[in-house]
Amino acid sequence: MIELEGVPELIDPVMVAAFEGWNDAGDAASTAVAHLDREWKGEVFAALDAEDYYDFQVNRPTVFLDGGVRKITWPTTRLSVVRVGGDKPRDLVLVRGIEPSMRWRSFCNEILGFAHELGVELVVVLGALLGDTPHTRPVPISGTTSDPDLARRMDLEETKYEGPTGIVGILQEACTHAGVPAVSLWAAVPHYVSQPPNPKATLALLNRLEDLIDVRIPLGELPEDARAWQLGVDQLAAEDSEVAEYVQTLEEARDTAELPEASGEAIAREFERYLRRRDGASGPPPGGHATADGSDGTPYRRDAPGGRSRPPKPPKPETDSDTGTGTDGEESSED
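Residues numbered from 1 in each chain as written. Predicted model: local features only at pLDDT ≥ 70, side-chain atom pairs only at ≥ 80, totals over all residues. Heavy atoms only, no water.

Peer 1: Describe in detail a nonpolar patch on the surface, supporting the description with residues and values.
Peer 2: On the surface, a nonpolar cluster with roughly 290 Å² of combined accessible area is contributed by Val63, Ile72 and Trp74. Owing to a relative accessible area of 48%, valine 63 belongs among the partly exposed residues under this scheme. (Patch = residues over 30% accessible without salt bridge, like charges linked within 9 Å, V, L, I, M, F, W, Y side chains within 5 Å. Areas by Shrake-Rupley, 256 points an atom, 1.4 Å probe, with all protein chains shown as cover. Salt bridge = Lys/Arg side-chain N within 4 Å of Asp/Glu carboxyl O. Buried < 20%, exposed > 50% of the residue type's maximum accessible area, 1.4 Å probe, protein only.)

Printed below as a string of structure tokens:
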């Protein structure tokens, strides 16, 4: 039994969770939840016992000085609550931590215990994986769920992924078995620039979350950071002809895959987001990261002259004759 003190009655609460580690390429997902917590001044009301879930030789505690007194911060998962104002106020329960080292089922049961006590109506878990996607194009965001009814109602994909999974996939399935509606939003991060931060992927996740739960999220400096990040990667790619050629190959594959769709739905969604913002203007860890095929993605080694990363030559992109979509694996995101 989880007893919560100091937490007021919440309005239409949605739980948004992200975990550092294998599910968090470029730190895109955990940074998104940290952004929500910072922008809305979240108040931490609970923290899971680090002894129960973490191997401290894998995720080591840190020592810091507070007024000359040495203190220790233990790796854990913390929960905070924020209130989103506006015409239709609602509360978000933010869950941010590190992927646990052990006892995943107990970990998920604790998170679900909080969700039950707080009356959470929907759980949204954010993740990021490494993919064959060019940094010059919009970040692919896939929304998946194990609930067929929820998939139809919220325009999501019903997950069909098979393979290795992380805490994001385990928590989503635990929610499903407990009868709690749950959704995973995954951002595809270019594997040739996998080092954090990746503000462009963080921004894409927040935009998709905004559409999903119908709230206006203050973005602060994220759009400018995303533009600066892309400009920086452009400059690095321009210095190496092999990298530039590889990026061009990825661009051609992406453009060919998306051409038949004409992306009308994406354009309409972006226009609706613009109208909302206009109307409201007045007011990498050990083990690599998740990839589209479930394998461990590892950052490129600095073995090229000048310390730059050299990607391998990509295979020639294939096209599914029935759907017209590329088969580079980006559509089959992790749970």
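Peer 1: Please give an account of the side chain of serine 146 that cites residues and values.
Peer 2: Positionally, serine 146 belongs in the loop between strand S8 (141–145) and helix H4 (148–153). Owing to a relative accessible area of 18%, serine 146 belongs among the buried residues under this scheme. Only 2.4 Å separates the side chain of serine 146 from the side chain of glutamate 173, close enough to count as a polar contact. Aside from chain neighbours lying at most four places away, what touches serine 146 is Glu158, Thr159, Gln172, Glu173 and Thr176. (Helix = DSSP H or I, 4+ residues; strand = E, 2+ residues; numbered from the N terminus. Polar contact = N/O pair within 3.5 Å; in protein donor to acceptor, adjacent residues only side chain to side chain. Contact = heavy atoms within 4.5 Å.)

Peer 1: Report on the sheet that holds S8, specifying residues and quantitative values.
Peer 2: An order of S2-S5-S6-S1-S7-S10-S8-S9 is seen for the eight strands of this open sheet, with the pairing classed as mixed. Each of the sheet's edge strands pairs with one partner strand only, and the pair in question is strand S2 (43–47) and strand S9 (157–158). Alignment of strand S1 (residues 14–20) against strand S6 (residues 90–98), held across seven bridges, turns out to be parallel. Considered in S6, the bridge of valine 16 is made with leucine 94. On top of the sheet, helix H5 (residues 167–177) reaches S1, strand S7 (122–131), S8 and strand S10 (182–190); it is set at about 165° to S10, its chief contact. (Pairing = 2+ DSSP bridges. Axes fitted to C-alpha atoms, helices over the stretch in contact; angles between N-to-C directions.)

Peer 1: A description of unusual backbone geometry should follow, citing residues and the corresponding values.
Peer 2: Look at the link from proline 196 to proline 197: it is a cis peptide, with omega at 0°. The residue proline 197 is located in the loop between S10 and helix H6 (199–213) in this model. Residues other than glycine seldom take positive phi values, yet aspartate 12 does so here, at roughly 40°. In this fold, aspartate 12 is placed in the segment before S1. When its relative accessible area of 38% is taken as the criterion, aspartate 12 is described as partly exposed. Although it is not a glycine, aspartate 27 adopts a positive phi angle of roughly 55°. For aspartate 27, the location among the structural elements is in the loop between S1 and helix H1 (28–39).

Peer 1: Quick one: what's the story with the pattern of salt bridges, residue by residue and with numbers?
Peer 2: Within this structure, the stated rule accounts for seven salt bridges. One salt bridge in this structure joins aspartate 91 and arginine 83, with 2.7 Å as the shortest N-O distance. A relative accessible area of 2% means that aspartate 91 is categorised as buried. Taking the relative accessible area as the measure of exposure, arginine 83 reaches 42% and is therefore partly exposed. The residue glutamate 224 makes a salt bridge to arginine 227 at a minimum N-O spacing of 2.9 Å. Of the two residues, glutamate 224 and arginine 227 are both situated in helix H7 (residues 222–238); the distance of three residues between them amounts to about one turn of the helix. Owing to a relative accessible area of 52%, arginine 227 belongs among the exposed residues under this scheme. Residues participating in the shared-partner salt-bridge network are Arg137, Glu251 and Asp255.

Peer 1: Before we move on, could you go through the pairing of strand S5 (residues 78–84) and cite the residues and values that matter?
Peer 2: Burial analysis of S5 places five of its seven residues in the buried class, the great majority of the element. Bridge count for S2 against S5 is four bridges, and the pairing is antiparallel. When the bridges of S5 are listed, valine 44 appears paired with serine 80. Taken together, the seven bridges between S5 and S6 define a ladder with antiparallel strand orientation. When the bridges of S6 are listed, leucine 79 appears paired with valine 95. Linkage of S5 to S6, two consecutive antiparallel strands, is achieved through a turn of five residues, within which glycine 86 is found at a positive phi near 115°.

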